Amino acid sequence: MNEIFEIEGGKKLSGEIKVSGSKNSALAILPACLLTDEPCIIKNIPLLTDVLVMIEILKNLGAEVEWLDKKTIKIQAKNINSNADIVLVKKIRASILIAGPILARNGELKIAKPGGCHIGARSLDAHFEGFADLGIKLILSEKNSETYHLKASNKIKPNIVYLNEFSVTATENLMMLMARIDGKSEIHLAAAEPHIQELGEFLKAMGAEVEGLGTHTIIIKGKKHLKGVEHTIWPDYIEAGTFFSLAASTKSDLKISNVLVNHLEMVFRNLKKMGVCYKIKNNSVFIEGKNSSLKSAKIQTLPYPGFPTDLQAIFSVMATQAKGESLIFDTLFEGRFRYVDELNQMGARIFLCDPHRILVSGPTPLYGAKIKSFDLRAGATVIIAALAAKGKSQIFGIEEVDRGYEKIEKRLQNIGARIKRIVVE
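Right, let's walk through the structure included here.

The rules behind each value
Residues numbered from 1 in each chain as written. Predicted model: local features only at pLDDT ≥ 70, side-chain atom pairs only at ≥ 80, totals over all residues. Heavy atoms only, no water. Helix = DSSP H or I, 4+ residues; strand = E, 2+ residues; numbered from the N terminus. Rg over C-alpha atoms; globule rule 2.2 N^0.38 Å. Buried < 20%, exposed > 50% of the residue type's maximum accessible area, 1.4 Å probe, protein only. Contact = heavy atoms within 4.5 Å. 1 Å grid on protein atoms, 1.4 Å probe; cavity = no way out; pocket = protein on both sides within 12 Å on 5 of 7 lines; lining within 4 Å. Points joined across faces, edges and corners; volume = space filled by probe spheres on them. Nonpolar A, V, L, I, M, F, W, Y, C, P; charged D, E, K, R; others polar. Axes fitted to C-alpha atoms, helices over the stretch in contact; angles between N-to-C directions. Parallel < 35°, antiparallel > 145°, perpendicular 65-115°, else oblique.

### Remarks on the overall build of the protein
Part 1 of the argument: The helix and strand inventory of the protein stands at 14 helices and 23 strands.
Part 2 of the argument: What you see for the protein is a C-alpha radius of gyration of 22 Å, in line with the 22 Å of a compact globule of 425 residues.
Part 3 of the argument: Principal axes of the C-alpha set define a box for the protein whose edges measure 65 × 45 × 40 Å.
Part 4 of the argument: For the protein, with 425 residues in total, the buried portion stands at 57%.
Part 5 of the argument: Sequence separation of at least 24 residues holds for 72% of the intrachain contacts in the protein that already meet a minimum separation of 6.

### Here we look at empty space enclosed by the protein
Part 1 of the argument: For the structure on display, the rule yields two cavities of 30 Å³ or more.
Part 2 of the argument: For the largest cavity, the calculated volume is near 70 Å³.
Part 3 of the argument: At the level of elements, helix 8 (237–249), helix 12 (376–388) and helix 14 (408–413) are the ones that each hand at least two residues to the lining of the largest cavity.
Part 4 of the argument: Its residues placed into classes, the lining of the largest cavity shows eight nonpolar, one polar and no charged.
Part 5 of the argument: The computed volume of the second largest cavity comes to approximately 40 Å³.
Part 6 of the argument: Lining the second largest cavity are Ser22, Ser25, Pro194, His195, Glu198, Trp234, Pro235, Asp236, Tyr237 and His263.
Part 7 of the argument: Ranked by the residues each element gives to the lining of the second largest cavity, the list is headed by helix 7 (residues 194–206), at three residues.
Part 8 of the argument: Grouping the constituent residues of the lining of the second largest cavity by class yields four nonpolar, four polar and two charged.

### Focus on the packing of helix 8 against helix 10 (residues 312–320)
Part 1 of the argument: Two elements in contact, helix 8 and helix 10, have axes whose closest approach is 9 Å; the angle formed by their N-to-C orientations is 10°. On the basis of the axis angle, helix 8 is roughly parallel to helix 10. Contacts between helix 8 and helix 10 involve Gly241, Thr242, Ser245, Ala248 and Ser249 from the former and Ile314, Phe315, Val317 and Met318 from the latter.
Part 2 of the argument: Classifying every residue of the contact of helix 8 with helix 10 by side-chain character gives five nonpolar, four polar and no charged.

Right, dumping it as structure tokens:
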């Protein structure tokens, strides 16, 4: 038995939709609680499958976990072990983020190859090379082993690390490890995304000194003992961008609330470039979809503060409704365009130039179809397309959507979307 979304599209949406806590922030903040043996209280937890799996991983490692209310969790890791559960680790890519804290506490970790979205090659070399610079060796029991054994060769020492790419998770892992190393360490070519900045603020609250957040050089002066803290997860800027596209693609007027607008400068620039009318007031963004005349644009993904790769598929739906030809260039991943065939099946005219570029011709009417979600962001993309399309659509593979969008069908129903979750054989 599987669950699918059934959507009746072509209806204007209206009202307010609130942005939830950041998935990517939670997936870094939760393992960071392992850095201390004191209790940490984390609020505004997004109730997503990936996040719930991460919590199970922490429990399996020996952390005590208590839910204080529906979205607040207390974590205390008095003692943690160095062997991560293989089944749990293989469920999510972010499971690699336990490496930094466990290596900081125990000096050793055995972990299976992490799972996650199939969006192209995602090497862990940046993690292992960074760890090596700090005195941690990677031990493989056999060639092409699916299990990684990381162990401190002697004493873990502060150092300067140069990453081989702007890796978000490698930056997060190294930040957590460095936060427990006495002395000053540096990460050059560090990622700068909002969830990196939030992790840095969390580590500062725990007692580490962190400089350079929001830049590509992060300097950390760690302490052997970090304290427990209370923290509220920031709003998800990717979810906010998803709702911007939803409003514009369905020609709807929507209020998107609980938005950290200072994290979305390049997103707003691309909205303006594509002819989307919007207003910003405090932490809310008003998208005037009915008054927007969408036009084609060139969109290129780049590391933050550039346009996020997680939004390129989602903005491609807008491009199908825009006048002219839009070039969408994903510089980061070669597997992000699996959704193209699904949109073309609905009536879009999208040409795959190569693994990193597509050409979208518009405007084209979209029609309901049976379509599939191949990964988390592709899932949001086909939901938006189905809501913009005439007729009924069925979306399969919605477990991918549940990994990153909390109770999405109920929240969309609240703004007038005709979407329901049904069980099929």
